[in-house]
Amino acid sequence: MTINNLKDNYLDHWQKALAVRMLSIDAVQQANSGHPGMPMGMADVATVLFQNHLKFDSSNPEWHDRDRFILSAGHGSMLLYSILYLTGYPGITIDDITKFRQTHSITAGHPEYRYIRGIETTTGPLGQGLANAVGFALAERLLNAQWGKNIVNHRTYALVGDGCLMEGLSQEAITFAGKQQLDKLIVLWDDNGITIDGEVSKSCITNQPQRFESSGWDAFKCDGHNPDSIDRAITKAKKSPRPSLIQCKTHIGFGSQTKQDKASAHGSPLGEEEISKIREIYGWEYPPFEIPKNLKIKWEKIGARSRTLREDWEKHFSKLSSSKKQRFERVFNGQVPSNFSKKLNALKKEMALVQPNIASRKSSELTLKLINKILPETIGGSADLTGSNNTLTEGLGTSDPSNPNGRYIYYGIREHGMAAIMNGIALHCGLIPYGGTFMVFSDYARGGMRLSALMGLRVIYVMTHDSIGLGEDGPTHQPVEHLAMLRATPNTFMFRPADTIETIEAWETAITTVGTPSVLALSRQNLPTVRLKHTTKNLVSKGAYILNESKNKRRVLLLASGSEVTIALSAQEKLESMGIGVRVVSMPCWELFEKQDALYRKRVLPSGPIRIAIEAGVQQGWEKWLFGERGNPRKAAFIGMNRFGASGPAEELYKDFKITPQAILEKVEELLSN
């Protein structure tokens, strides 16, 4: 479809799409930074989607039963910003459009969740939005089964580019969605044949429709500049019993005399001279950022098109029983029942009496057994390690097309996909996702985990086999640097509980923290109970606390997390018998300890005594607690790992790497003699 054909035969559509194109072109030019080519190429597709198909109400962006639109190709952010402004979303103005990519502007370089209403997820790292969309669609299916079609019944649309489909994450997401037969998921592929380096053929010859079809999808094709062709393809996709790919054949930089179909249209401003020519070609007579009133009104009518559907939904919702309405509002607002902590406290009290000697992954399973009964909104899973991660509890049921009510997901060997899909589930609202794998494979999940933190999502990562304590599988499976990596990630709670009691408290904190993802680093080996006295207080929520106080005059502080707390306690017993007073501090979550007031931190870590940290990981990060917070580098030491692990029984490995009570004794004697 040519520009002249669009002007002659689809003038109304052409003008609406032009508003998107010109806002995008002018904003990128003013910022002197950005990606104009994709919005120019996909404006026709987006216009048809929003005008004819997308169920949304711009006056109520958080309507729970709206369709979701995910811009996976986040570099084309001005496409989304333009449409949100044009359709009348509250909170975004023409002034915001003019401040594209500027410091403190809500119109960031890539779409960022929470900044503008209508942005469903943060995208930019390619492929993440596609996998998020799979999570949105999966959440819709489960909630549809729980609440019925009058309350939850919507579609998820994702706009992807060639880069999204080249990322390995896309394969994990595509094959998972095909297996799950997520028929309300529609992916719009901007098939423009161009990446930053030039023609796609330089790096990829994949037949994408066949790839999708082989994974259980239906594939459709359209001329991405022909409104009728686009509309027909979307209509067909909506009728498919499978997830759908729509191959939208487009021209990047559509209409530019010198940059159409070239990489130069992708990631830099077009230039004033080129834009002047484009205005002539388009027939756009208005200065930058001016949208004719009649055109803005037409777009605002698109924004109000589904208002009647939203009002009908509200009528259906009002007919729910009082208890159902309360539960719906509770889960969609991310709240837990008022008796949640009370029930977990009862479990803590029981475990304090039983004093189990079990792996913290097993403690996690015991806790989940209770949590999954209290909270029908939890949805668990594992990346093919269910029996090792202990993430499945009785009664959840498998989530698949034959059992949409199922609350347990077999993600397969797709760690990155699992993380990004869980982000989509959390973003949808109404569910609390958790998923498990070995901690060392957080390397594979890292991209999704970072975005959990960036967006402030309650996603819970159950990472078992957290140290050399896993034993014989050896260094490929033994995490060494991973605790430091995850602790270095902003807005992430890294829990490493020492026993069953701490594990229960870690889960309670993770579940009740809405704006931060949590990682639970759990042991393969058995851990004795170290918290022998029951308290209703959640001490893990403090991040660190005095586990066992000295009997003699305090001269030593032993700081430890997880499985090494037991080693610290053994060393304390021996040192106390020698007349050396030792305080043992359990540090299950540094990030929460950092949030405590200075007085509390000083009470836990006073000045004076020597400090020794014990952890079966690298030292990086421990300097803050050993040398800072009133510490002294000359009176501090770390006992842990300084190289990769080895294959062998766990007990022998701890001795071989000198993470033992005896090593602590020797270090204490050395520091006290200085």
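Scroll up to find the structure.
To start, this report covers the structure provided alongside it. (Residues numbered from 1 in each chain as written. Predicted model: local features only at pLDDT ≥ 70, side-chain atom pairs only at ≥ 80, totals over all residues. Heavy atoms only, no water.)

Across the seven residues that make up strand β3 (residues 185-191), a large majority, seven, are buried. Of the two faces of β3, the one holding Leu185, Val187, Trp189 and Asp191 and the one holding Ile186, Leu188 and Asp190 are both buried throughout. For strand β2 (residues 156-160) and β3, the ladder comprises five bridges, and the chain directions are parallel. Its bridge partner being in β3, Tyr157 is matched across the sheet by Ile186. In the sheet, β3 pairs with strand β7 (residues 244-249) via six bridges, with the strands oriented parallel. (Buried < 20%, exposed > 50% of the residue type's maximum accessible area, 1.4 Å probe, protein only. Helix = DSSP H or I, 4+ residues; strand = E, 2+ residues; numbered from the N terminus. Pairing = 2+ DSSP bridges.)

The next subject is empty space enclosed by the protein. One pass over the full model with this rule turns up three cavities of 30 Å³ or more. The volume enclosed by the largest cavity comes to roughly 80 Å³. A class-by-class count of the residues in the lining of the largest cavity yields eight nonpolar, one polar and four charged. Taken as a whole, the second largest cavity spans an internal volume of roughly 40 Å³. Taken together, Arg446, Met449, Arg450, Tyr461, Leu486, Thr489, Thr492 and Val519 form the lining of the second largest cavity. (1 Å grid on protein atoms, 1.4 Å probe; cavity = no way out; pocket = protein on both sides within 12 Å on 5 of 7 lines; lining within 4 Å. Points joined across faces, edges and corners; volume = space filled by probe spheres on them. Nonpolar A, V, L, I, M, F, W, Y, C, P; charged D, E, K, R; others polar.)

Looking now at unusual backbone geometry. Phi at Phe289 takes a positive value of approximately 70°, unusual for a residue other than glycine. Checked against the element boundaries, Phe289 lands in the loop between α11 (272-282) and α12 (293-303). Even without being a glycine, Gln355 presents a positive backbone phi close to 50°. Following the sequence through the fold, Gln355 ends up in the loop between α15 (340-354) and β8 (358-359).

Further remarks concern a negative patch on the surface. Together, Glu472, Asp473, Glu651, Glu652 and Asp656 make up a negatively charged patch on the protein surface. On the secondary structure map, Glu472 appears in the loop between β12 (460-464) and α20 (482-487). (Patch = residues over 30% accessible without salt bridge, like charges linked within 9 Å, V, L, I, M, F, W, Y side chains within 5 Å. Areas by Shrake-Rupley, 256 points an atom, 1.4 Å probe, with all protein chains shown as cover. Salt bridge = Lys/Arg side-chain N within 4 Å of Asp/Glu carboxyl O. Lys, Arg positive; Asp, Glu negative; His and termini not counted. Charge placed at Lys NZ, Arg CZ, Asp CG, Glu CD.)

On to the sheet that holds strand β1 (residues 68-71). Pairing is parallel across the open sheet formed by five strands, whose spatial order is β1-β2-β3-β7-β6. Looking along the sheet, the strands with just one partner apiece sit at the ends: β1 and β6 (218-223). Each neighbouring strand pair of the sheet contributes to a mean axis angle of 20°, computed without reference to strand direction. Inspection of the sheet shows β1 paired to β2 by four bridges, in the parallel sense. Paired with Ile70 across the strands is Ala158, a residue of β2. (Axes fitted to C-alpha atoms, helices over the stretch in contact; angles between N-to-C directions.)

Quick look at the side chain of Gln29 now. Tracing the sequence through the fold places Gln29 in helix α2 (residues 11-31). Among residues more than four places away in sequence, those in contact with Gln29 are Pro269, Leu270, Gly271, Glu272 and Ile275. (Contact = heavy atoms within 4.5 Å.)

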